[in-house]
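# A closer look at the structure
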Amino acid sequence: MSDNVRRATPIELPPTITVRDLAKAIQSSPIDIIKSLMANGVMANINQQIDFDTAAIVAAEMGYDATLEATEAAEEDQGEIPLWRRVIAGENPADLVPRPPVVTILGHVDHGKTTLLDALRQTHVAEGEVGGITQHIGAYQVELKGRTITFLDTPGHAAFTAMRARGAQGADIVVLVVAADDGVMPQTKEAIAHAKAAKVPIIVAMNKIDKPNADRERVKQQLAEVGLVPDDWDGDTIVVPISAKRMIGLEDLLEAILLVADSMDIKANPKGQVIGTVIEAERDRAKGVLATLLVQNGTLKVGDVVVAGTAHGRLRAMFDYRGRKLHKAGPSTPVSVMGLNDVPVAGDLFQVVESEREAREIVFERAQISQQAAATAKSAVTLEELFDRFQAGEVRELRLIIKADVQGSLEPIISSLNELNKGDIKITILYAETGNIGENDVMLASASNAIVIGFNVQPDPAARRLAESEGVSIRIYDIIYRLTEDVEKALKGMLEPEEKEVVLGHAEVRAVFTIRKVGNIAGCRVLDGEIRRSARIRVIRNGEVVHEGPIASLKHLQEDVREVRAGFECGIGLKGFDDVQIGDRLECYVLEKVAVA
């Protein structure tokens, strides 16, 4: 390598790292990191975790050669431990008291997670869900023998992979729901991976045992195969047979949760630093911003000043999961709060600060970064620039504007679309926000040749009229996997057809004729199929291909013809190849374009 060529600086990075920490590691600004991520199709804020592969790409653009930290070093570093757990670990042990365990319900779609929570809470959430599939995270509490258990109701469809990962990280225990008649499915395995990555103990709720085709032993065998050996098979995974629909085994499940919780020494400091996780957030027309928070340390009170991502405000009111007013909430308590000035992102940490001035100072840096990132995105979607780049063949992409009802829907939609972003066609999300589709969204789509996708929202009448006049496509969905399926189909439709070789026939060279000013002509007999003038020829000699190319001429009985069929003789001239020999085998073929499967 020349001395004038800059050598990449070696650097070790953990399996996951926040944007802020990556900026520090490579001595760059978080703004530059966010810009680079956006250029690579990743939307991230300063506190968001990105995986090693993504971090390595960004680092390479900044002149660094990233390698993955050794596994032992990564484990010793404890970098994957959530911040709220580190806060509790830093509290005075004498101030720590037992808190209710936080439990996440995970599992394959339609295996009965929401039905289980309905049975535990004596409510009927499932009846209100579109398609019977949970769309948003919820948080609820259940009591057994004077003790409280907090449940996070995480959606179970594959589109919510990122949401499930966040739920597992925020929980003490995972209840994995597996249908006794269906067994371990792909999403079950994903849920297990999330729980294991978070180092969270797993209790299996084997649901639907009342079904005629339930096979408990088969399910236990499948669980053992994925590393969850049942306790009655001398393993360490508690498997509780239940029927959520018939209310069978529910108390056994709750007792198993408390048993595991007792062995974990789950504690927090009610008087310590107030920190927790944003479970859900939305903007209500009448009440303003409503956010569901899970307190994980300290005691949250009405009147506290809270910072959550780039949102902040003094809490005006607080309610429990039943909608009853609260004045304070201790560790492991889910609450709905009013008073934030903006909608925080589901999964963000929140904390209590001394004053609104301090809150403004804390979010100032985050707001600046967000604004600059938004400005960068806006400047990149001007009609002139995109059109020029498209005409030049520099970009082949599907541009989208995403509008959703709540942040909890927005995140898995973006995550799922990024998962599709692996082929030749790039998905570019120009803008993603909560709220109904407005004229500004349509104008942006028109200027950038984008499609507007709405989830559980509708376009305003003015936006609908503008879309019709500008020719902008608006697609509305109420189930996320249908949205992603349609986008995937659109991607396949945009892909250039693949070229597939189709062999038309074979011929054998039985004589070679030399014609002045033309060259050698192969006198052939067509063995099978046909030889077509517009096709290509592959010359095979002693089992090896010695030439491939187009046909220059095709004659039958001295006449130019378009094709010659099996059993007939012909003369073939090969373009760019004059070394044809007696005994050569000629294979005639064409390249047909077929749609990508």
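Remember, it's a predicted structure, so these values are computed and weren't measured experimentally. (Residues numbered from 1 in each chain as written. Predicted model: local features only at pLDDT ≥ 70, side-chain atom pairs only at ≥ 80, totals over all residues. Heavy atoms only, no water.)

### Some words on the packing of helix α6 (residues 113-121) against helix α10 (residues 250-262)
- In contact at an axis separation of 11 Å, α6 and α10 are set at 95 degrees when each is read in the N-to-C sense. On the basis of the axis angle, α6 is roughly perpendicular to α10. Listed contacts from α10 to L116, A119 and L120 of α6 are L250, L253 and L254.
- Across the contact of α6 with α10, the residue classes tally to 6 nonpolar, no polar and no charged. (Axes fitted to C-alpha atoms, helices over the stretch in contact; angles between N-to-C directions. Helix = DSSP H or I, 4+ residues; strand = E, 2+ residues; numbered from the N terminus. Parallel < 35°, antiparallel > 145°, perpendicular 65-115°, else oblique. Contact = heavy atoms within 4.5 Å. Nonpolar A, V, L, I, M, F, W, Y, C, P; charged D, E, K, R; others polar.)

### Section: the pattern of salt bridges
- According to the stated counting rule, one finds 24 salt bridges in the structure shown.
- D584 serves as the salt-bridge partner of R541, at 2.8 Å between the closest nitrogen and oxygen. Remark: D584 occurs in the loop between β32 (569-574) and β33 (585-594) and R541 occurs in strand β28 (residues 536-541); sequence separation between them is 43 residues. Exposure class is identical for R541 and D584. Each is buried.
- Through salt bridges that share partners, E501, R538, E548 and E587 make up one connected network. (Salt bridge = Lys/Arg side-chain N within 4 Å of Asp/Glu carboxyl O. Buried < 20%, exposed > 50% of the residue type's maximum accessible area, 1.4 Å probe, protein only.)

### Here we look at the pairing of strand β10 (residues 202-207)
- Burial analysis of β10 places 6 of its 6 residues in the buried class, which makes it a mostly covered element.
- Side chains of β10 alternate between two faces, with I202, V204 and M206 and I203, A205 and N207 buried alike.
- As judged from the 6 bridges shared by strand β9 (residues 173-179) and β10, these two strands associate in the parallel manner. The residue of β10 that forms the bridge with V174 is I202.
- Relative to strand β11 (residues 238-241), β10 runs parallel, the two sharing 4 bridges. (Pairing = 2+ DSSP bridges.)

### A look at the sheet that holds strand β24 (residues 451-455)
- Read across the open sheet, the 4 strands follow the order β23-β22-β24-β25; overall the sheet is parallel. Two strands close off the open sheet at either side, each with one partner strand: β23 (426-434) and β25 (474-477). Sheet twist, expressed as the average angle between the axes of neighbouring strands with direction ignored, equals 25 degrees.
- One ladder, built from 5 bridges, connects strand β22 (residues 397-404) with β24; its direction is parallel. Bridge assignment links I401 to a residue of β24, and that residue is V452.

### Looking at the pairing of β32
- In terms of residue burial, β32 counts as a mostly covered element, since 5 of its 6 residues are buried.
- Taken together, the 4 bridges between strand β27 (residues 519-532) and β32 define a ladder with antiparallel strand orientation. Residue pairing for β32: A522 is matched across the bridge by I572.
- Here 4 bridges tie strand β29 (residues 544-556) to β32, and the two strands are oriented antiparallel to one another. Of the residues in β32, the one forming a bridge with I551 is L574.

### With respect to the packing of helix α2 (residues 30-39) against helix α3 (residues 52-61)
- The N-to-C vectors of α2 and α3 enclose an angle of 110 degrees; their axes lie 10 Å apart at closest approach. The angle between α2 and α3 places the two elements in the roughly perpendicular class. As α2 runs across α3, the sense of the crossing is right-handed. Taking contact as the criterion, the partners of I33, S36 and L37 in α2 are, on α3, T54, V58 and E61. (Left-handed = near helix turned anticlockwise from the far one by under 90°.)

### Comments concerning the environment of M338
- By the element assignment, M338 lies in strand β20 (residues 334-338).
- For M338 and T292, which are 46 residues apart along the polypeptide, the C-alpha to C-alpha distance reads 9.3 Å.
- Once residues lying within four places of it in the same chain are set aside, the contact partners of M338 are K287, V289, L290, R314, L315, R316, A317 and F319.

### A short note on the confidence of the model for the protein
- Chain-level pLDDT for the protein is 79 on average; 80% of the residues reach the 70-or-more range.
- Within the protein, the lowest mean pLDDT, 37, falls on helix α4 (residues 71-77), and the highest, 95, falls on strand β15 (residues 300-301).
- The model gives residues 123-137 a pLDDT under 50, and that stretch makes 41 contacts with residues more than four places away or in other chains.
- Contacts from residues 156-166, a stretch scored under 50 in pLDDT, to residues over four places away or in other chains number 42 contacts. (pLDDT = per-residue confidence, 0-100.)

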